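# Notes for the structure review
In case you want the letters, here they are:
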Amino acid sequence: MKILILGTSNSVRRNGWVKGLSDRLVDSEVSNLSIGASPGLQFSVFARMDFSVYDYVFFDSLPNDEEYFLKTNSFKNYNFYNDIYFEFLSTIASQTKLVIIAIPLLATLHNTTIIYRTRELLARRLGAQFLCFKHIIENINAFSNSLIDNLYDMDPHPTEFIANFIGSMVAQVLEDEQSKSSLGFMSDNINYSENFIIRNVSEEYAEDKKYEIKNSLFQETFAFLNQDDEIKISEPMTLIGFYINKKNTKSHLKLMSGHETAASISLYRDIDLSSFLKIFIPSPVNTQIDRIVIDYEAPTDSSVPLTYHPQVSKKIAEHPVLSISTLCFWRPSGTKWEKDVRQTFDARRITHLVNLKINKAVIDGLKASLDDQLLITSSHGYVMLYDTVLQKCISIDKNLTAIYPNPLLPVTIAMVDHQQVVFSVKLAGISVPLSCYKNGIGLAENHVLRENKRFDLGDYIADKVSLFGLKGNKYAFGINDVYLRCYKVNVNNGFSFNAAKISLWERFSLGRE
């Protein structure tokens, strides 16, 4: 199989859903063109791509689109954006199998937005599949009896190992689809690629006005423009948006239509030449423009994109500069797509099949339950377990251990002298002591069993830990007046010795839960 991913930061996380998908589909080719901190409109720059070379295209943009809609004051013309999405996604679905992913913000998980609801309508209209993380996460929450907050690291990111697990289940559904063809993709869609016009601005300037950025993820050339430069558009067109290097841009842009300013966008921030961040800036208006002017001052009604500070970004830019690579324009067809939504098409079929596989995996995982083990448990219900792959302790909702990807072992404590204990784990029948570091607990760096060299727990502190008895059969662990803190959501660094006093986050119970 050949699979293309067009997604948000959820699709580029190191151990997220794409990693779970590709690890399972070892003989498949997974191409990932995802970029974070940008709305899904950014992918219209690929509208003229040959999607037929892929067996599946996954489109993930919901959380960034929701954030633009909820957190900015100027980018709310969702009918304009949905019409663009329809023509772009129809172009994909006319050539291959399209899966539209919906990973909602935690804040909108229960109260869905118009963006979420319209995204499902688009899937049904196009005969595409709708991979709904909302229902998958709610299913995991109910089936494992875990807390819903424990399924998100932070907005807009589901906990990484949960996303990884979901990706592996999606892969199993795709494997089944190869022989069963049960998802029912429809291909009777229109290719609107000719309606999208892509312009590489950097190609229009001399070498001294552009520079190249290249790393392991992408390679791109940006034009470096100032107030003397003006981007002219020979034929007035509707602007979808453009890519910039945010770290090397400080300006206010006026989108001009004749002598009128159709809209303005404020992109003020301090210049940082030592780094870069490629993001897509959407147009705030559905208006044809004929040029873009770089200015030093922001009009009072200037639009401020997501990731920019609403007040700071409107400051006067004494020497405005713009690092820009690609502009994308659109000639709308005028199609009223909402009238032809396929009312009986089962767009959630893939979600249903993923949930069935998840439920089976949870049931199978529960056979190796930790219920009879003595556990170190935080005040907010996370247990301390030893990850045999990472070779360090993690904090995790006990109800989610059944779907955690790596083998987990209970961590025990043993008294070594007055009020001092050591953490240990039983490996191959042998009790192995663990060392304490500033950012966690794990095997000593020079231990004979230590294989994982990738993670860094910070400076070594000690092997022995002071144990403090507290009210209500609770305990705290301390070393030299700093206490062990358990973090509720950050699995990869679940513990740190950084608390100056004992509060809720430093209290633990010892025993069966």
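Up top you'll find the structure we're talking about.
These notes cover the structure that comes with them. (Residues numbered from 1 in each chain as written. Predicted model: local features only at pLDDT ≥ 70, side-chain atom pairs only at ≥ 80, totals over all residues. Heavy atoms only, no water.)

### Focus on the overall build of the protein chain
Each helix and strand in the protein chain was counted, giving seven helices and 31 strands. The C-alpha atoms of the protein chain give a radius of gyration of 26 Å, which matches the 24 Å a tight globule of 513 residues would have. In terms of overall dimensions, the protein chain has C-alpha extents of about 80 × 60 × 40 Å along its principal axes. Within the protein chain, the proportion of its 513 residues that are buried is 55%. Of all intrachain contacts in the protein chain linking residues separated by at least 6 positions in sequence, the fraction that spans at least 24 positions is 72%. When the accessible surface of the protein chain is summed, it comes to about 22,500 Å², and 49% of that surface belongs to carbon and sulfur atoms. Side chains of the protein chain give 53 positive and 57 negative charges; the mean places of these two sets differ by 4 Å. (Helix = DSSP H or I, 4+ residues; strand = E, 2+ residues; numbered from the N terminus. Rg over C-alpha atoms; globule rule 2.2 N^0.38 Å. Buried < 20%, exposed > 50% of the residue type's maximum accessible area, 1.4 Å probe, protein only. Contact = heavy atoms within 4.5 Å. Areas by Shrake-Rupley, 256 points an atom, 1.4 Å probe, with all protein chains shown as cover. Lys, Arg positive; Asp, Glu negative; His and termini not counted. Charge placed at Lys NZ, Arg CZ, Asp CG, Glu CD.)

### Re the side chain of E67
Positionally, E67 belongs in helix α2 (residues 62-71). If near-sequence neighbours (up to four positions away) are discounted, E67 is found in contact with T72, L105 and L306.

### Examining the packing of aromatic side chains
Counted under the stated rule, the structure contains 22 aromatic pairs. Aromatic side chains F43 and F59 sit 6.1 Å apart centroid to centroid with 75° between the ring planes, which places their arrangement in the edge-to-face category. Placement of the pair is F43 in the loop between β2 (29-32) and β3 (56-60) and F59 in strand β3, with a sequence separation of 16 residues. Arranged with centres 6.1 Å apart and planes meeting at 45°, the rings of F80 and W330 form a pair that is tilted. Here F80, found in helix α3 (residues 78-93), pairs with W330, found in strand β16 (residues 321-330); they are 250 residues apart in sequence, far enough to count as distant. (Phe/Tyr/Trp six-rings, centres within 6.5 Å; stacked < 30°, edge-to-face > 60°.)

### Things to note about the environment of Y152
Relative to the assigned elements, Y152 resides in strand β6 (residues 152-154). Counting along the chain gives 285 residues from Y152 to Y437, while the straight-line C-alpha distance between them is 26 Å. A polar atom in the side chain of Y152 sits 2.6 Å from the backbone oxygen of P104. (Polar contact = N/O pair within 3.5 Å; in protein donor to acceptor, adjacent residues only side chain to side chain.)

### Looking at unusual backbone geometry
Even without being glycine, T307 reaches a positive phi, approximately 80°. Along the chain, T307 turns up in the loop between β15 (288-295) and β16. We note that A428 has phi near 55°; this positive angle belongs to a residue other than glycine. Take A428: its relative accessible area is 83%, and that puts it in the exposed class.

### Remarks on helix α5 (residues 133-144)
An ideal rise of 1.5 Å per residue puts 16 Å on 12 residues; α5 measures up with 16 Å between its terminal C-alpha atoms. Taken together, the buried positions of α5 are occupied by F133, K134, I136, I137, N139, I140, N141 and S144. Two residues or fewer past α5, N145 is found with a positive phi of approximately 60°. (Expected span 1.5 Å × (residues − 1).)

### Structural notes on the sheet that holds strand β5 (residues 129-132)
Pairing in this open sheet of five strands is parallel, and the strands run β2-β1-β3-β4-β5 from one edge to the other. The open sheet has two edge strands with one neighbour each: β2 and β5. Sheet twist, expressed as the average angle between the axes of neighbouring strands with direction ignored, equals 20°. Pairing between β3 and strand β4 (residues 97-102): five bridges, direction parallel. Across the sheet, the residue bridging to F59 is I100, located in β4. Strands β4 and β5 of the sheet are contacted by α5, whose axis makes an angle of about 40° with β5. (Pairing = 2+ DSSP bridges. Axes fitted to C-alpha atoms, helices over the stretch in contact; angles between N-to-C directions.)

### As for helix α4 (residues 114-126)
Within an α-helix, residues lying three or four positions from one another point in the same direction, as the helix has 3.6 residues per turn. Across its 13 residues, α4 extends 18 Å between first and last C-alpha, which sits within 8% of the 18 Å expected from 1.5 Å per residue. Among the 13 residues that make up α4, 10 are buried, leaving the element largely enclosed by the rest of the structure. Here α4 has its buried residues at I115, Y116, T118, R119, E120, L122, A123, R124, R125 and L126. Against the buried residues of α4 lie β3, α2, α3, β4, β5 and α5. G127 sits one or two residues past α4 and shows a positive phi near 65°.

### Brief notes about the nonpolar core
Among the nonpolar cores identified, the biggest contains 47 residues, and F88, L89 and L98 are the most heavily contacted of them. Sort the elements by how many residues they give to this core and α3 lands first, with nine residues. If we ignore the near neighbours within four places in the chain, the residues touching F88 are L6, F43, S44, F46, A47, F51, F59 and F196. Counting residues in hydrophobic clusters, the runner-up holds 46 residues, among them F133, A163, A171 and I396. (Core = buried A, V, L, I, M, F, W, Y, C linked by side-chain atoms within 4.5 Å.)

### Some words on the pattern of salt bridges
Under the defined criterion, the tally for this structure stands at 20 salt bridges. Residue R199 is joined to E204 by a salt bridge in which the shortest nitrogen-to-oxygen separation is 2.7 Å. Overall, R199 belongs to the buried group, its relative accessible area being 18%. Accessibility expressed as a relative area gives 43% for E204, which makes it partly exposed. One salt-bridge network, held together by shared partners, links E230, D290 and R291. (Salt bridge = Lys/Arg side-chain N within 4 Å of Asp/Glu carboxyl O.)

### A short note on empty space enclosed by the protein
Within the structure shown, the criterion is met by one cavity of 30 Å³ or more. In this structure, the largest cavity encloses a volume near 130 Å³. In terms of lining, the largest cavity is formed by 14 residues, of which the most central are D65, Y68, F75, Y81 and I115. Those elements that provide at least two residues to the lining of the largest cavity are α2, α3 and α4. The element that contributes the greatest number of residues to the lining of the largest cavity is α3, accounting for four residues. (1 Å grid on protein atoms, 1.4 Å probe; cavity = no way out; pocket = protein on both sides within 12 Å on 5 of 7 lines; lining within 4 Å. Points joined across faces, edges and corners; volume = space filled by probe spheres on them.)

### Some remarks on the pairing of strand β29 (residues 482-486)
Successive side chains on a regular strand alternate, one facing one side of the sheet and the next facing the other. Note that strand β28 (residues 474-479) and β29 share two bridges and pair antiparallel. Paired with I479 across the strands is V482, a residue of β29. Counting the residues between successive antiparallel strands, the hairpin from β28 to β29 contains two residues, one of them, N480, with a positive phi of roughly 50°. In terms of strand pairing, β29 meets strand β30 (residues 495-499) through four bridges, oriented antiparallel. Its bridge partner lying in β30, L484 is registered against F497.

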